[in-house]
Amino acid sequence: MSDIVPTAAAAARELIAFRIGRQEFCVDIMSVREIRGWTPATPLPRAPGYMKGVINLRGAVLPIVDLGARLGLSTSEPTARHVIMVAHIGGRTVGLLVDAVSDIIQLTEDAVQPTPDVASDQVRTFVKGIFAVDGRMISLLELEWIVPESEAEAA
Amino acid sequence: MTDAADPFEAIKVTFFQECDELLGDLETGLLAIEAGSADDETINAVFRAVHSVKGGAGAFGLEDLVRFAHVFETLLDELRAGRKPCDPPTVKALLRASDVLADHVSAARGQAAPVDEARSAALVAELEALTHGGAAPAAIADVLALPEADEFGFRPVAFDFSTLAAPEPAAASGWRVTFRPHARMYAKANETALLLRELSRLGPVEVALDASALPDLAELVAEEAYLTWTLDLAAVVDEASVREAFDFVEADCDLTVEALSDAPAATDAPDSAPDLDIAALLARATAEAPVIESAPPVVEVAPVVPVAAPTAAATPAPAAQAAVTIRVDLDRVDRLINVVGELVIQQAMLAQRVIESGLARSSGISVGLEDLELLTREIQDSVMAIRAQPVKSVFQRMPRLVREVGEMTGKRVRLLTEGEATEVDKTVVERLAEPITHMIRNAIDHGLEMPEDRLAAGKSGEGTVRLAALHRSGRIVIEISDDGRGINRERVRGIAVSRGLIVEDAVLTDDEIDNLIFLPGFSTADAISDISGRGVGMDVVRKSIQALGGRISIASVPGKGSTFTLSLPLTLAVLDGMVVSAADQTLVAPLTAIVESLTPRPGDVHYVGGHDAVILFREQFTPLIDVGMVMGFRDAALTPSDGVAVIVETESGARAALLFDAIQGQRQVVIKSLETNYRQVEGVAAATILGDGRVALILDVDAIVANARRRSARPELKLAS
């Protein structure tokens, strides 16, 4: 028994699940620093539509990405009920605007299925795979390309 | 912080930091000696600097550095003991040696290319020659040539002789050293055998061990120290050299050093030192010679030696007064500054909430909040002061530069520095080095004339470059002036015309001509010289100064010289800004760019080609830029008379009027980077956090003006976007 548990633990990941519209997504819990309520952001000039602007996170300037818009889903004006997940992506700290955080789930790699062909290119850029939890479908997101490096990429 | 992973590496980093300081001390000391303002303590300090570099380098096995430092140190030791005069050629050699030593340090650090071996070897030979060879005869000649030396013998009063003799080495025939280590000394991993070996390098040592304090084995405490050594050193050296062997342990032992005066110095020296190296022996013998020759009345003088010895021993004492400082990782200071910045914002937010809540100003909360505000300000100022550093660290590098450029151009240059203690934020200090270096090179290369030309012009053959720093109205001002030929306006004008920078019949004032040298692509050097050429000119200097939020100006008098004046903010962390609003957004415009603000009257605004607005400002049509539109905050242009026009001047001197909805006020803002977590945004220089806790963007005035110009040049693009 003792030599089975570590193997299982090594393969298992903790993920944080959240909701955008009716869909559920999740990201690795290790990349999420904190979760906070929506506060109005300062818009940036000539920023892509999914960049909601910047907010003050204890003295740091935090860019806010509307994750729904970034994934090409329908988007609505954020309210106080919306949530910002502060994530660490490739050396930067970025706020991800989502509708609500729902769950923390444990997952082993083999439970993940490849993204079906039906998804759009935009979705397939960010969705690494999908899996089922209690009959719900959850998409596993890769955050690496969420924030564009340069203006050229943003366009 | 990969350094921290390896403790040895971390110590090495500290060693190199210390090296920087020591090299600075070394240079300062040598320059003082060169200027003739040196006392014994200066020479001691110079010696200690080289000695410490050598010591540290030895610990890290930096062979080349140790070898060079050793030769350097040996010569300095001769100077320190007074066996060699500090004559100009020696000092020049020492200065060059300090440059090479600095090269060795950078090479050991892996920062620079390996040291120029030939140069290093040549200097080693020169230093050795100065130490042994040509030095000794010169010393004799010097001493003998002194009229006082002749007078010496005829002086009837021995007391006078003692004061005159004081600068001579206080040599005794030998020394009895009683050395009783404390347990502490061993605890610091010092080894008696090594100390004795060090001492034996001065001459033959007779060692007697007194183990009488050693208890029985049963009572012996392993960590205790029980032994006492009595060491008889038969060598003609001064007391300081004897004590130096125990330099690092002096505080952790009982040490007495007594002169062995039983044998007369004259006979003892040759007897006791048969196995010394001959050159050293010669040096010692010659150094001693004058004393002996003028010795006839010496019988009463002999006791002088012990009198002189304590003074020699006392000199190291003032050196111990180290400045009370600590080394702190810059990251920690930056973190503190960030947190304090946040504290200031939180405090402002709290104050705003309290006002909004309608509490009376006299209420306990309001009063407490005011005190808090004062404290917060004080903390912020104190934290900023931690980062403040004297410009000395940059100024210190310049004497070497001046020497090198002077040598390369064949010009004789004297560098005067003033206001080295002027403090400015560390980030500013670091970025000052390059422009100052460049301007000093320029001053020597282009400003100063060749010695013969200077003499012909009735000036001293040696040119002067003055580097000064001072605080003026919340900014630091750096002045670099030379007493050279000044700007040749005819030539500058001719070059500007030939490069197409100005039209041939342009009417320019002297001041405007002087400022032409800041234009990109302007270089007055006939050929690209190794010194100030390389294709970078004053335009690069101006750009780097402007990047720091600074300004540069020039004043020149033909035949008398030129003065460059840099004016820079004291810190890059805060900025004086005008808080404005455009289409419901709060923005900050840097105050340095703003000329003035005005409310446009309908008659002042005109349209060129239908949509490009210009405003008549001081008889000039100035482009009027609707910032809300340019930034994409709104689609329809603001009616100019409903807003406020702020006249700005860009770095290139072009003027434009920025149209905002309203001006909220003027305040100092803390600069926050957008790039840390996002990326650069066109038209935005940085961000800041206002009192209400929201982020406001700081405008990049130059980019906005340039962008507006591009758009109006290609209106179809404007429609497309």
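Remember, it's a predicted structure, so these values are computed and weren't measured experimentally.

Caption draft 1: Region of interest: the overall build of chain B. Along the backbone of chain B there are 27 helices and 22 strands. Taking all 721 residues of chain B together, the buried fraction comes to 43%. If you take every contact in chain B between residues at least 6 apart in sequence, the share linking residues at least 24 apart comes to 68%. On chain B, roughly 36,900 Å² of surface is accessible, and the fraction owed to carbon and sulfur atoms is 56%.

Caption draft 2: Here's a closer look at the environment of B:K92. Residue and element names in this part refer to chain B. Following the sequence through the fold, K92 ends up in helix α4 (residues 88-109). With a relative accessible area of 48%, K92 lands in the partly exposed category. Taking the C-alpha atoms as reference, K92 lies 9.0 Å from L30; in sequence the two are 62 residues apart.

Caption draft 3: Up close: the UniProt feature "modified residue: Phosphohistidine" (unreviewed entry) in chain B. Residue and element names in this part refer to chain B. As annotated by UniProt and renumbered to match this structure, "modified residue: Phosphohistidine" (unreviewed entry) occupies H51. Structurally, the position occupied by H51 is in helix α2 (residues 40-59). The residues touching H51, leaving out its near neighbours within four places in the chain, are E73, E244 and F248.

Caption draft 4: Region of interest: the environment of B:K411. All names here are of chain B. Note that K411 resides in the loop between α19 (398-409) and β6 (413-418). Accessibility expressed as a relative area gives 8% for K411, which makes it buried. Between the C-alpha atom of K411 and that of M450, which follows or precedes it by 39 residues, the distance is 5.4 Å. Every residue in contact with K411, bar those within four places of it in the chain, is listed here: G406, I444, D445, L448, E449, M450 and P451. Within polar-contact distance, the side chain of K411 engages the backbone oxygen of I444 at 2.9 Å. Of note is the side chain of K411, whose polar atom sits 2.7 Å from the backbone oxygen of L448.

Caption draft 5: How the structure looks around the interface of chain B and chain A. Listed per partner, the contact involves 25 residues of chain B and 27 residues of chain A. When the two sides are added together, the surface that chain B and chain A hide from each other amounts to roughly 2,100 Å², 53% of it contributed by carbon and sulfur. Considering only the surface of chain B that becomes buried against chain A, B:N677, B:Y678 and B:R679 emerge as the three largest contributors, covering 36% of it. If you list the elements that add at least two residues to the side of chain B that touches chain A, you get α16 (330-356), β21 (684-689), β22 (695-699) and α26 (701-713) of chain B. Ranked by the residues each element gives to the side of chain B that touches chain A, the list is headed by β21(B), at 3 residues. The residue makeup of the side of chain B that touches chain A, split by class, is 12 nonpolar, 7 polar and 6 charged.

Caption draft 6: A look at helix α10 (residues 192-200) of chain B. Residues and elements named next belong to chain B. All of the buried residues along α10 are T192, L195, L196 and L199. Looking down the long axis of α10, one finds its buried residues gathered within 100° of arc, a one-sided arrangement. Residues of α10 that are buried sit in contact with β1 (175-181), α9 (183-187), β2 (205-210), β3 (228-233) and α11 (239-244).

Caption draft 7: Broad picture of the packing of aromatic side chains. Under the counting rule described, the total for this entry stands at 5 aromatic pairs over all chains. Pairing A:F18 with A:F25 gives two aromatic rings, centres 6.3 Å apart and planes at 25°, and the pair type is stacked. A:F25 shares its class with A:F18; the two are buried. For the pair B:F518 and B:F564, a centre-to-centre distance of 6.3 Å together with 85° between the ring planes defines the contact as edge-to-face. Placement of B:F518 in the loop between α23 (510-515) and α24 (538-547) and of B:F564 in strand β11 (residues 561-569) is noted, with a sequence separation of 46 residues between them. When the ring centre of B:F47 is taken as reference, the NZ or CZ atom of B:R80 above it lies at 3.8 Å.

Caption draft 8: Quick look at helix α5 (residues 117-131) of chain B. All names here are of chain B. Here α5 is 15 residues long and its end C-alpha atoms lie 21 Å apart, about the 21 Å a rise of 1.5 Å per residue gives. Those residues of α5 that sit buried are S120, L123, V124, L127, L130 and T131. Buried residues of α5, viewed axially, fall in a sector of 130°; they line one side.

Caption draft 9: Highlighting the pattern of salt bridges. All names here are of chain B. Inspection of every chain in the model, using the stated rule, returns 38 salt bridges over all chains. A salt bridge links D514 to R489; the nearest nitrogen and oxygen atoms lie 2.8 Å apart. With D514 in helix α23 and R489 in helix α22 (residues 489-498), the pair connects residues that are 25 residues apart, well separated along the chain. For the pair D514 and R489, one class covers both residues: buried. Sharing partners across several salt bridges, the network here consists of E27, D99, D103, R400, R403 and E404.

Caption draft 10: Layout of the sheet that holds strand β18 (residues 644-649) of chain B. Residues and elements named next belong to chain B. Ordered in space as β14-β18-β19-β17-β16-β15, the 6 strands form an open sheet in which the pairing is mixed. The open sheet terminates on both sides in strands that have one partner only, identified here as β14 (594-598) and β15 (605-608). Across this sheet, the average inter-strand angle for adjacent strands is 35°, counted without regard to direction. Pairing of β15 with strand β16 (residues 612-617), which is carried by 4 bridges, proceeds in the antiparallel orientation. Note on β16: the bridge partner recorded for V608 is D612.

Caption draft 11: Spatial organisation of the nonpolar core. Counting residues in each nonpolar core, the largest one holds 62 residues, and the members touching the most others are A:F18, A:L67, A:L96, A:L141, B:L587, B:F660 and B:L674. Leaving out residues up to four positions away in the same chain, A:L67 has contacts with A:F18, A:I20, A:L96, A:L97, A:V98, A:L141 and A:I146. Counting residues in each nonpolar core, the second largest holds 44 residues, with B:M439, B:I444, B:I502 and B:L568 among its members.

Caption draft 12: Representation of the side chain of B:H104. Relative to the assigned elements, B:H104 resides in helix α4. B:H104 has contacts with B:D64, B:L65, B:F68, B:V115 and B:S120, leaving out every residue within four places of it along the chain.

Basis of the calculations
- Residues numbered from 1 in each chain as written.
- Chains lettered and ligands numbered in written order.
- Predicted model: local features only at pLDDT ≥ 70, side-chain atom pairs only at ≥ 80, totals over all residues.
- Heavy atoms only, no water.
- Helix = DSSP H or I, 4+ residues; strand = E, 2+ residues; numbered from the N terminus.
- Buried < 20%, exposed > 50% of the residue type's maximum accessible area, 1.4 Å probe, protein only.
- Contact = heavy atoms within 4.5 Å.
- Areas by Shrake-Rupley, 256 points an atom, 1.4 Å probe, with all protein chains shown as cover.
- UniProt positions renumbered as here; feature names shortened; annotations may be inferred.
- Polar contact = N/O pair within 3.5 Å; in protein donor to acceptor, adjacent residues only side chain to side chain.
- Buried area = accessible area lost by both parts, 1.4 Å probe.
- Nonpolar A, V, L, I, M, F, W, Y, C, P; charged D, E, K, R; others polar.
- Arc of directions from axis to C-beta.
- Phe/Tyr/Trp six-rings, centres within 6.5 Å; stacked < 30°, edge-to-face > 60°.
- Lys NZ or Arg CZ within 6 Å of the ring centre and 35° of its normal.
- Expected span 1.5 Å × (residues − 1).
- Salt bridge = Lys/Arg side-chain N within 4 Å of Asp/Glu carboxyl O.
- Pairing = 2+ DSSP bridges.
- Axes fitted to C-alpha atoms, helices over the stretch in contact; angles between N-to-C directions.
- Core = buried A, V, L, I, M, F, W, Y, C linked by side-chain atoms within 4.5 Å.

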